[in-house]
Amino acid sequence: MAAALSSQFRPSTYRTLKKIKTKQLVSCSMQPPSQSNIKVVINGAAKEIGRAAVVAVTKARGMEVAGAVDSHLVGQDIGMVCDMEEALEIPIINDLTMVLGSISQSKATGVVVDFTDPSSVYENVKQATAFGMNSVVYVPRIKLNTVTALSAFCEKASMGCLVAPTLSIGSILLQQAAISASFHYNNVEIVESRPTPTDFPSPNAIQIANNLSNLGQIYNREDISTDILARGQVLGEDGIRVHSLVLPGLPSSTTVYFSGPGEVYTLKHDITDVQCLMPGLILAIRKVVRLKFGVWLGEIFVETRRSSISESGI
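Attention in this report is confined to the structure presented alongside it. Quick caveat: nothing in here was measured; it's all calculated off a predicted structure.

As for the sheet that holds strand β5 (residues 134-137)
Hydrogen bonding along the main chain pairs the strands of a sheet, whether they run parallel or antiparallel.
Logical step 1: Spatial strand order, β3-β2-β1-β4-β5-β6: six strands in an open sheet with parallel pairing. The open sheet has two free edges, formed respectively by β3 (92-93) and β6 (161-163), since each of these has just one partner strand.
Logical step 2: Of the strand pairs in this sheet, strand β1 (residues 38-43) and strand β2 (residues 63-69) are connected by six bridges, and their pairing is parallel. In the strand pairing of β2, I38 is matched with M63.
Logical step 3: Where helix α2 (residues 48-59) meets the sheet, it contacts β1 and β2, and its direction lies at approximately 155 degrees from that of β2.

What follows is the structure in structure tokens.
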């Protein structure tokens, strides 16, 4: 099982109140609170991805934002922070335990969405579990040992915890297609580009390489042992090479090239906005309440791929 994939967005981006007032308001068709709705707590609500999640959950059927946790913009209404037309009357609070305690009294089904950081994920999930709430974790650079510990803890507690290496459905589809293609081609190269410098190779490229490894295939045999730097970095022992580029002004992109005699097969996925993660997030929230142990979003999507993506409810 590989480490989590990066979100492609800088998680420390916050806006001041002055900037919020100048933004175009987001129109949301808000559903009235209901006991049957899934109560969703966004931990990391002031981040770019957190704000997008608040809007997406508010629009989705059968769920509602019940809490917003962050150490930034504390006390401000999360609806106003997200440029929504109306306030949600939910202030940002820097105390997860307080929010969970309030929701647990309602006896409703609850889910905590964690956008925080690798060092706090385990304790956050433990708190959520203590209050009888499931967790969806999307934290770039989460360590594999943390994922293993979370899975063991949640299985013992019989609570669902979904650790998503990516929330992008397009990224999952690319990985599935790459696995299928790997059985038919002897050469494969991964080329990725990001608008800003980051840790390379990215978790996305590492995840793809891991998926294609240990399948009984050795790739790029012609120069598998070359040490020429321009040929890129070899990931794993099966000869898969990755080339990482920094191209400001262009979207984050991942391309996987397969080649065989007389043909080249190309898989490409671009991310242009954080909104691409929201359908996967809504799907993850709906699924995690049915789980009894920690799993990857990719596995859940494989199980439900025959269903319409409209199940996400956005």
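Some points on the pairing of strand β10 (residues 252-260)
Logical step 1: In the sheet, strand β7 (residues 187-194) pairs with β10 via seven bridges, with the strands oriented antiparallel. Bridged to N187 within β10 is S259.
Logical step 2: Both β10 and strand β11 (residues 263-271) contribute to a ladder of nine bridges, which runs antiparallel. The residue bridging S252 from the neighbouring strand is I271, located in β11.
Logical step 3: The turn joining β10 and β11, which pair antiparallel and follow one another in sequence, is formed by two residues; a positive phi near 80 degrees is taken by G262.

Considering the packing of helix α7 (residues 169-182) against helix α8 (residues 203-212)
Logical step 1: Direction vectors running N to C along α7 and α8 enclose 35 degrees, while the axes themselves pass 9 Å from each other. Read as a crossing pair, α7 and α8 show a hand that is right-handed. Side by side, α7 and α8 meet where S171, L174, Q175, A178, I179 and S182 of the first sit next to N204, Q207, I208, N211 and L212 of the second.
Logical step 2: Split by residue class, the contact of α7 with α8 holds five nonpolar, six polar and no charged.

Observations concerning unusual backbone geometry
Logical step 1: Positive phi, normally seen in glycine, also occurs at L73, with a value near 55 degrees.
Logical step 2: Within the fold, L73 resides in the loop between β2 and α3 (78-81).
Logical step 3: One non-glycine residue with positive phi stands out, namely N214, at about 60 degrees.
Logical step 4: Looking at N214, the relative accessible area reads 73%, which means it is exposed.

How each quantity is defined
Residues numbered from 1 in each chain as written. Predicted model: local features only at pLDDT ≥ 70, side-chain atom pairs only at ≥ 80, totals over all residues. Heavy atoms only, no water. Pairing = 2+ DSSP bridges. Helix = DSSP H or I, 4+ residues; strand = E, 2+ residues; numbered from the N terminus. Contact = heavy atoms within 4.5 Å. Axes fitted to C-alpha atoms, helices over the stretch in contact; angles between N-to-C directions. Left-handed = near helix turned anticlockwise from the far one by under 90°. Nonpolar A, V, L, I, M, F, W, Y, C, P; charged D, E, K, R; others polar. Buried < 20%, exposed > 50% of the residue type's maximum accessible area, 1.4 Å probe, protein only.

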